[in-house]
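Chain and residue survey
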Amino acid sequence: MKNPSAHFPRIPRITYAGPGSKNPLAFRHYNPTEMIDGRSLKSHLRFSVAYWHSFRGTGTDPFGPGTVQRSWESGKDALSIAKTRMDAAFEFFQKIESPFWCCHDRDIAPEGKTLAESNRNLDKIVAHAKSLQKATGVKLLWGTANLFSNPRYMCGAATNPDAHVFAYAAAQVKKAIEMTKELGGEGYVFWGGREGYETLLNTNLKREQDHLAAFLHLALDYAKSIGFKGQFLIEPKPKEPTKHQYDFDVASGVAFLRTYGLEKDFKFNIETNHATLAGHTFQHEIEVATSQGMLGSIDANAGDPLLGWDTDQFNTDVKEVTLAMVAILKAGGLGKGGINFDAKLRRPSMDAEDLFHAHIGGMDTFALGFKLARHIIADGRLGQFLTQRYSSYDSGFGREIETGKATFKSLEKLVLTKLGEPKLRSGKQEYLENLLNTYLHG
Ligand code: XLS
Ligand code: NI
Ligand code: NI
């Protein structure tokens, strides 16, 4: 990067100013260098910027064209624009204190007329990205392939009824894994773009699921053969763009992975807006994943409760994020995963500066949620309530149930001769909701 302020000249590097600050271009809760448990907050939260929304998003919607105008979207050809755009992106990553970024193959380099040309384009841009990563210290959290925009994928990629499309997708993912390895990515994400169906009238559901599993096995085999060590991740989503996506939610993802012998090699990338589209909370999806030891990474965004689609908004809901953070911390954190802002600006937010406001809000909300979650866990009252609520399983016949020693016969005998009728115990939901509010609001 020649000039470190070439693309956002009026915006300084964002710094921490504390909760009392009135500066809209400062962090109020995210202090990247704050040390917590011997590690910086930056390394706890592992924030990441999503290239596709923040650097390819134009503000288009089904009713109208793009609204944003970016100074860096000009140049003599698609490849030189791609390079300038990437310079702008790395200036942004640095100014917003994001240690990571994420991308699809086609976000960063233009698709050519043939696969060979697309691959050559990608090689050139990956080399540029690699030098920017080296110069700035910003790393790739995960890479992925766009298997949903090009019309060839209109009926899916791995689940396409045409084996030719399967083969093309395989070739594309092979290259995308190579891209991710070359950029040192910590993981590789499979979001099932159009892996689903619009109508069962034209769909062989069993064969499509078999094909998806075969595809994932081939991807794993290839990654192993080239020594790619990153974590493979499934990103569930129940619908959109298809009316039924096969990776519906974490629970159905677990069943799918186990059915096809893939469970040891995959974890989940959980997106907030996908959780709510599936009729779950963010916390629910995280808890289902952690119950299986399969929490991998987070796509941080939020839906609008009044809209039934993936609105991908920056999340400023402290309560939702705090509850998710409690679940993440109880599971031991995100490991090699991170918090990726898979979120986009609203269509009228067309200023480059809005990119900063959006990420500052998201980062501050997660940093605050992280701190509140640590406080909730350290305070211990919620945890103690749970321990107490299940304590009848800690000894005696409860322990025998958990360890597989009890039988229907032994339990019947106990009830008939000793236990009689169980005492009712309150679930204390209202008390707990009030307790949560005292943590959030004092
Ligand atoms: C779409 C998904 C997508 C994945 C990456 O809804 O969230 O952006 O994260 O392919
Ligand atoms: Ni996502
Ligand atoms: Ni999404």
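Our subject is the structure that appears above.
Residues numbered from 1 in each chain as written. Chains lettered and ligands numbered in written order. Predicted model: local features only at pLDDT ≥ 70, side-chain atom pairs only at ≥ 80, totals over all residues. Heavy atoms only, no water.

Attention now goes to the environment of glycine 398. With respect to the secondary-structure elements, glycine 398 resides in helix α14 (residues 396-402). A relative accessible area of 1% means that glycine 398 is categorised as buried. Glycine 398 sits 13 residues away from leucine 411 along the chain, and the two C-alpha atoms are 9.9 Å apart. Leaving out residues up to four positions away in the same chain, glycine 398 has contacts with Ser392 and Tyr393. (Helix = DSSP H or I, 4+ residues; strand = E, 2+ residues; numbered from the N terminus. Buried < 20%, exposed > 50% of the residue type's maximum accessible area, 1.4 Å probe, protein only. Contact = heavy atoms within 4.5 Å.)

Spatially, the eight strands close up into a barrel ordered β3-β4-β5-β6-β8-β10-β11-β12, and their pairing is parallel. Mean inter-strand twist for the sheet, computed between neighbouring axes without regard to direction, equals 30°. Where strand β4 (residues 100-104) and strand β5 (residues 139-144) come together, five bridges link them in parallel fashion. Bridging across to β5, tryptophan 101 finds its partner in leucine 140. (Pairing = 2+ DSSP bridges. Axes fitted to C-alpha atoms, helices over the stretch in contact; angles between N-to-C directions.)

For the nickel ion (ligand 3), the protein coordination sphere consists of Glu271 (OE), His274 (NE2) and Asp310 (OD), at 2.1 to 2.4 Å. We note that the donor set of the nickel ion (ligand 3) lies within a single chain, spaced as E-x2-H-x35-D. If you look at the nickel ion (ligand 3) and the nickel ion (ligand 2), they sit 3.8 Å from each other and are both ligated by glutamate 271. One end of the pair, histidine 274, is in helix α9 (residues 272-277); the other, aspartate 310, is in the loop between β11 (295-299) and α11 (318-330), and 36 residues separate them in sequence. Owing to a relative accessible area of 4%, histidine 274 belongs among the buried residues under this scheme. (Donors = N, O, S within 2.8 Å, 3.2 Å for Na, K, Ca; no water.)

For helix α6 (residues 163-182), built from 20 residues, the straight-helix expectation of 28 Å at 1.5 Å per residue is met to within 8% by its first-to-last C-alpha distance of 29 Å. Turning to α6, its buried residues are Val165, Phe166, Tyr168, Ala169, Gln172, Val173, Lys175, Ala176, Ile177, Met179 and Thr180. Where α6 begins, the side chain of aspartate 162 points an oxygen toward the backbone nitrogen of histidine 164, at a separation of 2.9 Å. One or two steps after α6, the chain reaches glycine 184, where phi turns positive at roughly 70°. (Expected span 1.5 Å × (residues − 1). Polar contact = N/O pair within 3.5 Å; in protein donor to acceptor, adjacent residues only side chain to side chain.)

As a matter of local geometry, ligand 1 sits amid Trp52, His104, Trp142, Trp191, Glu235, Lys237, Glu271, His274, Asp299, Asp310 and Asp342. Measuring from an oxygen atom of ligand 1, one finds a side-chain N or O atom of glutamate 235 at 2.7 Å. For ligand 1, an oxygen atom lies 2.8 Å from a polar atom in the side chain of lysine 237. In the complex, 94% of the free accessible area of ligand 1, which totals 290 Å², lies under the protein chains. (Near = heavy atom within 4 Å. Areas by Shrake-Rupley, 256 points an atom, 1.4 Å probe, with all protein chains shown as cover.)

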